[in-house]
Amino acid sequence: MKRLILTIGFFIQFCSHILFAEQIVKEFRFGGAKKDHTVISLKEVQSYTDTKGYGFEFSTEKNVVIDQNNKVLLSDKPFYFSVKVPEGNYKITITYNGLQNKSYNSTVRSESRRLHIENKQVLPQQSLKKSFIVHIKDPMIASGGIVGLKKPREQQKLDWDDKLTLEFQQTNCISSLRIESVNAIPTVFLAGNSTVVNQEDEPWASWGQMIPRFFDAEIAIANHAESGLALSSFLSSKRLAKILSIAKPGDYLFIEFGHNDQKEKGENAGAYKGYSERLRYFVREFRAKGGIPVILTSTARRSFDEQGHLVHTLGDFPDAARKVAAELQVPLTDLNKKTSIFYEALGVEGSKRAFVHYPAHTFPNQQHDLADNTHFNPYGAYEIAKMVLTGIKENQLPITEHIVDFQGFDPQQPDDFNTWYWPPSLINSVVKPDGN
């Protein structure tokens, strides 16, 4: 009886939190009049300050003009705009205005380079509204404790600060920007390593930061992956605890590990021992929250022998992931197989185009060649995101109905690198992410 009363009490408390959580609405109108208390009218370019809780950042104020006559923000250069908000899911709605006599294209990313709007065309003299979801996270865990962020790199990431930051690329003519909190939508949590994480710096990228672009404004992607992590360190840094503290029934957990798990030492090390045991633990704990776990085998490394044949360097780990998925009847996406086909289709030299392979001086302060066969560039990350989407469809997951602008993907026939377009972010680094 006591257990029943506690359960009912928790249920009432949970429902009250959902129903009565403060609704956050902030709408920015550029050059326009203030309509109500939720609207902030910006008639001039303002830098971000904690006092205001909004503004332009990273010295990109000079790239923006607010036209008070036409009541729009105008820019043909990159700029960043931030708004201070608490942890949660937020629906972002951008209202574009068409230019007088020509079309233009806009790209929008959030936080640590998460792609949302890709090269979207706005026609002359026509308005266009685009909406998407951004997940904001903080390291505090409601049940106690704090996520063990890596110092100093991870502590400095936009993904972990107390603001929602939007990065605008190409050309933009915007009349309003609306930010509103949303609670009752499914969240897809991502647990993984450097092949999944939101890489903040050019030219590094991972599939986790590309996949938000392919979902409508009814799905949130919450990427908790980090470079250098294995299943064990994901647990010890309390990242799974953080996910479980905010997950709700009907949410998803996509789990991709293996690269760094190979480094584990001790009698319980190995694909069929500690790795498999921890995979089972992730699945059990997330199912206990009423969520849907999905296992992904690790992306293959780019490794070819002298005859041009792909060398499989991950040992038994992909097979172990497949076996755990079959044993526990968990949906499986075989990224190891799909990425292997992808590299072979591109060939020994062509596959370099999917990784961080760049000659010296391609990027600012890059004195030496970059040649990394584990970490992807934006093109490679984008193609792998399409493989994950294919897995979602193959497994007939309910979130399939929220996938947009995606007809399917064959890793044997990838997108043409020469016609794929990615406007580079202003933030770049020659430092290789942790993990291999």
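Data block above holds the structure.
Every value quoted in this text rests on a predicted model; they were computed, and no experiment measured them. One numbering rule holds for all chains: residues counted from 1, following each sequence as written. Confidence filtering applies because this is a predicted model: local features only for residues at pLDDT of at least 70, side-chain atom pairs given and counted only at 80 or more, and all residues used for totals across whole chains, interfaces and linings. Hydrogen atoms and water are omitted, and side-chain values are computed over all heavy atoms in the structure.

Turning next to the overall build of the chain. By the criteria applied, helices consist of DSSP H or I runs no shorter than four residues and strands consist of E runs no shorter than two, each listed in order from the N terminus. Within the chain, the secondary structure is distributed over 8 helices and 19 strands. A globule of 436 residues ought to have a C-alpha radius of gyration of about 22 Å, and the chain, at 22 Å, matches this closely. Taking the principal axes of its C-alpha atoms as reference, the chain extends roughly 70 × 70 × 40 Å. Expressed as a percentage of its 436 residues, the buried residues of the chain come to 54%. Throughout, a contact is declared for two residues whenever any of their heavy atoms are within 4.5 Å. For the chain, the share of sequence-separated contacts (at least 6 apart) that also reach a separation of at least 24 residues comes to 74%. As displayed, the chain offers around 19,500 Å² of accessible surface, 50% of which is attributable to carbon and sulfur atoms. A positive count includes Lys and Arg, and a negative count includes Asp and Glu. His and the chain ends are not counted in either. By convention, the point assigned to a charge is CZ for Arg, NZ for Lys, CD for Glu and CG for Asp. Considering the chain, the positive charge centre built from 51 side chains and the negative charge centre built from 50 side chains are found 4 Å apart. Our radius of gyration is a C-alpha quantity, and the globule rule it is checked against amounts to 2.2 Å times the number of residues to the power 0.38. When a residue's accessible area, from a 1.4 Å probe over protein chains only, is under 20% of the maximum for its type it is buried; when over 50% it is exposed; and in between it is partly exposed. Where accessible areas are quoted, they stem from the Shrake-Rupley method and a 1.4 Å probe; at the residue level, only the protein chains shown are allowed to cover.

Across the 6 residues that make up strand S13 (residues 187–192), a large majority, 6, are buried. The alternating pattern of S13 places Thr187, Phe189 and Ala191 and Val188, Leu190 and Gly192 on opposite faces, both of which are buried. Only strands that DSSP links by at least two bridges are regarded as paired with each other. Relative to strand S14 (residues 220–223), S13 runs parallel, the two being bridged by 4 bridges. Each bridged residue has a counterpart across the sheet, and for Leu190 the counterpart in S14 is Asn223. One ladder, built from 5 bridges, connects S13 with strand S15 (residues 252–256); its direction is parallel. From the neighbouring strand, Val188 faces S15, where its bridge partner is Tyr252.

So, about the pattern of salt bridges. Salt-bridge detection follows one rule: a side-chain nitrogen of Lys or Arg within 4 Å of a carboxyl oxygen of Asp or Glu. For the coordinates displayed, the defined rule picks out 25 salt bridges. Arg178 is the partner of Glu27 in a salt bridge, and the nearest nitrogen-oxygen pair spans 3.0 Å. Remark: Arg178 occurs in strand S12 (residues 172–182) and Glu27 occurs in strand S1 (residues 25–30); sequence separation between them is 151 residues. A relative accessible area of 10% places Glu27 in the buried class.

Attention shifts here to helix H5 (residues 271–288). If you check H5, its first and last C-alpha atoms are 24 Å apart, about what 18 residues at 1.5 Å a residue would give, namely 26 Å. Every buried residue of H5 is accounted for by Ala271, Gly274, Tyr275, Ser276, Arg278, Leu279, Phe282, Val283 and Phe286. Where H5 is buried, its residues contact S13, helix H3 (231–236), helix H4 (239–246), S15, strand S16 (292–296) and helix H6 (317–328). Just downstream of H5, Gly290 is the residue with a positive phi angle, here 85°. To estimate how far a helix should reach, multiply one less than its number of residues by 1.5 Å.

A separate point is the environment of Ala241. Within the element layout of this structure, Ala241 appears in helix H4. Separated by 98 residues in the primary sequence, Ala241 and Ser143 place their C-alpha atoms 8.7 Å from one another.

As a further point, take H4. Listed as buried for H4 are Arg239, Leu240, Lys242, Ile243 and Leu244. Residues of H4 that are buried make contact with S13, H3, S15 and H5.

On to the sheet that holds strand S6 (residues 79–84). The 5 strands lie next to each other as S3-S6-S11-S8-S9, forming an open sheet whose pairing is antiparallel. Only two strands of the sheet have a single partner each, and these edge strands are strand S3 (54–57) and strand S9 (114–122). The mean angle between the axes of side-by-side strands here comes to 20°, regardless of whether they run parallel or antiparallel. In the sheet, S6 pairs with strand S11 (residues 163–170) via 6 bridges, with the strands oriented antiparallel. Note on S11: the bridge partner recorded for Tyr80 is Glu167. Angles shown run from 0 to 180 degrees and are taken between the N-to-C directions of axes, each axis being a line fitted to C-alpha atoms and, for helices, limited to the stretch in contact.

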